[in-house]
Amino acid sequence: MAAKESEQDHTTVIDIPEAVGVFDKFEDLQQAFYDLRMVGIHHSDISLLAGEKALQEKLGTAYWRSSELEDDPRAPRAHFVSEEAMGELEGAIAGGFFFVGSYIAMAAMLTPASTLAASIAAIAIGGSPAAVIGTLLARRAGKNHKDYYTRQIEHGGILLWVRLRDKEHEKLAVEILKGHSGRDVHVHSWST
């Protein structure tokens, strides 16, 4: 495996084959991800096109299409985040705010003379506003996640790249990407 660096933009390219495919629906992409994982491809070898902010920083403000970036080593990458992981994040945000608010209220109300009923009331009063804030932040995280995929589809589809360590995984990855409605599935001889 040899690494090469592009002189104009300092993009490092390594000699490891990489499969690429374009998806029109998040559900197909997610199923392809799960199947890739089931055949032994590590999650760190699977990447997506980064969000618009990273694209603008790396490639400028020009309008882009997925088909133009499939084989562009300068295309910024991001890790795949499943719906389950987003659900866990949303739950952690909402639950974390509830816990912090409850803990602060409980600590403020607990004195040697306080009763159990007063302590429970303090937790409910302190935790409820924090839970509302946490829920709103969790919904925002979920909306940003969905907006990311919507913008990718509007620009020609969701790009998925898969680094491949051998010919067997190369064949499996191509079959999986095509089997889950991946378009323009092919392998190039390098990855970033």
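Structural data are supplied above this passage.
Throughout this description, residue numbers start from 1 for each chain and increase along the sequence as written. Local features are withheld for residues below a pLDDT of 70 in this predicted model, meaning they are given only at 70 or higher, and side-chain atom pairs are given and counted only at 80 or more; totals for whole chains, interfaces and linings count all residues. Hydrogens and waters are ignored; side-chain quantities use all the structure's heavy atoms.

With respect to the overall build of the chain
Part 1: Note on conventions: DSSP H or I runs of at least 4 residues are helices, E runs of at least 2 residues are strands, and numbering of each starts at the N terminus. A tally of regular secondary structure across the chain gives six helices and seven strands.
Part 2: Starting at the N terminus and walking to the C terminus, you meet the elements of the chain as β-β-β-α-β-α-α-β-α-α-β-α-β.
Part 3: Relative accessible area decides the class of each residue, using a 1.4 Å probe on protein chains only: under 20% of the type maximum gives buried, over 50% gives exposed, and in between gives partly exposed. Counting across all 192 residues of the chain, residues that qualify as buried make up 38%.
Part 4: Partitioning the contacts of the chain with sequence separation of at least 6, the portion at a separation of at least 24 is 81%.
Part 5: Note on areas: these come from Shrake-Rupley sampling with a 1.4 Å probe, and a residue is covered only by the protein chains present in the view. Approximately 10,900 Å² of the chain is accessible, and the part contributed by carbon and sulfur atoms is 60%. Any two residues having at least one pair of non-hydrogen atoms within 4.5 Å are treated as being in contact.

Digging into the packing of aromatic side chains
Part 1: Here the aromatic set is Phe, Tyr and Trp, taking the six-membered ring for Trp, and pairing holds for ring centres within 6.5 Å; pairs whose planes are under 30 degrees apart are stacked, those over 60 apart are edge-to-face, and all others are tilted. Summed over all chains, the structure comprises three aromatic pairs.
Part 2: On the basis of an interplanar angle of 55° and a centroid distance of 4.5 Å, the ring pair of F26 and Y149 is categorised as tilted. A residue pair is termed long-range when its members are at least 10 positions apart, and F26 in helix 1 (residues 26-38) and Y149 in helix 5 (residues 116-154) qualify at 123 residues.
Part 3: When the ring of Y148 is compared with that of Y149, the centres are 4.8 Å apart and the planes differ by 75°; the resulting orientation is edge-to-face.
Part 4: For Y148, a relative accessible area of 13% puts it in the buried group.

Considering unusual backbone geometry
Part 1: In this structure, S181 takes a positive phi of about 70° despite not being glycine.
Part 2: Topologically, S181 is positioned in the loop between helix 6 (167-179) and strand 7 (183-188).
Part 3: Backbone geometry places D184, a non-glycine residue, at a positive phi of 50°.
Part 4: Positionally, D184 belongs in strand 7.

Topic: the pairing of strand 6 (residues 158-163)
Part 1: The buried count for strand 6 comes to five of six residues, which makes it a mostly enclosed element.
Part 2: When strand 3 (residues 18-23) meets strand 6, the two strands line up antiparallel, connected through six bridges. Of the residues in strand 6, the one forming a bridge with G21 is L160.
Part 3: Whether two strands pair comes down to DSSP finding at least two bridges between them. Of the pairings in the sheet, the one linking strand 4 (residues 46-49) to strand 6 comprises three bridges and is antiparallel in character. For I46, the partnering residue across the bridge sits in strand 6 and is V162.

Things to note about the sheet that holds strand 4
Part 1: Taken in spatial order, the five strands line up as 5-4-6-3-7 in an open sheet, and their pairing is antiparallel. Each edge of the sheet is formed by a strand with only one pairing partner; in this case those strands are strand 5 (77-79) and strand 7. Along the sheet, successive strands turn relative to each other by an average axial angle of 30°, direction set aside.
Part 2: In this structure, strand 3 lies alongside strand 7, joined through four bridges in antiparallel fashion. Counted as the bridge partner of V20 is H186 from strand 7.
Part 3: Strands strand 3, strand 4 and strand 6 of the sheet are contacted by helix 1, whose axis makes an angle of about 10° with strand 6. Fitted lines through C-alpha atoms serve as axes, helices being fitted only where they are in contact, and the angles separating the N-to-C directions of these axes extend from 0 to 180 degrees.

Points about the nonpolar core
Part 1: As used here, the term nonpolar core means buried Ala, Val, Leu, Ile, Met, Phe, Trp, Tyr and Cys residues forming a set that is joined through side-chain atoms within 4.5 Å. Judged by nonpolar contacts, the single largest core of 22 residues is most densely connected at L29, L36, L48, Y149, L160, V162 and L177.
Part 2: Those elements that place two or more of their residues in this core are strand 3, helix 1, strand 4, helix 5, strand 6 and helix 6.
Part 3: Here this core takes five residues from helix 1, the largest share from any one element.
Part 4: The contact partners of L48, leaving out residues within four places of it in the chain, are L29, P76, R77, A78, H79, F80, Y148, Y149, I158, L159, L160 and W161.

Some points on the pattern of salt bridges
Part 1: A pairing counts as a salt bridge when a side-chain nitrogen of Lys or Arg comes within 4 Å of a carboxyl oxygen of Asp or Glu. In the structure shown here, the tally under the stated rule is six salt bridges.
Part 2: The salt bridge involving E18 is made with R77; its shortest N-O contact spans 2.9 Å. Of the two residues, E18 sits in strand 3 while R77 sits in strand 5, which places them 59 residues apart along the sequence.
Part 3: Taking the relative accessible area as the measure of exposure, E18 reaches 1% and is therefore buried.
Part 4: Under the relative-accessibility criterion, R77 is labelled partly exposed at 23%.
Part 5: K167 is paired through a salt bridge with E170; the nearest N and O atoms lie 3.6 Å apart.

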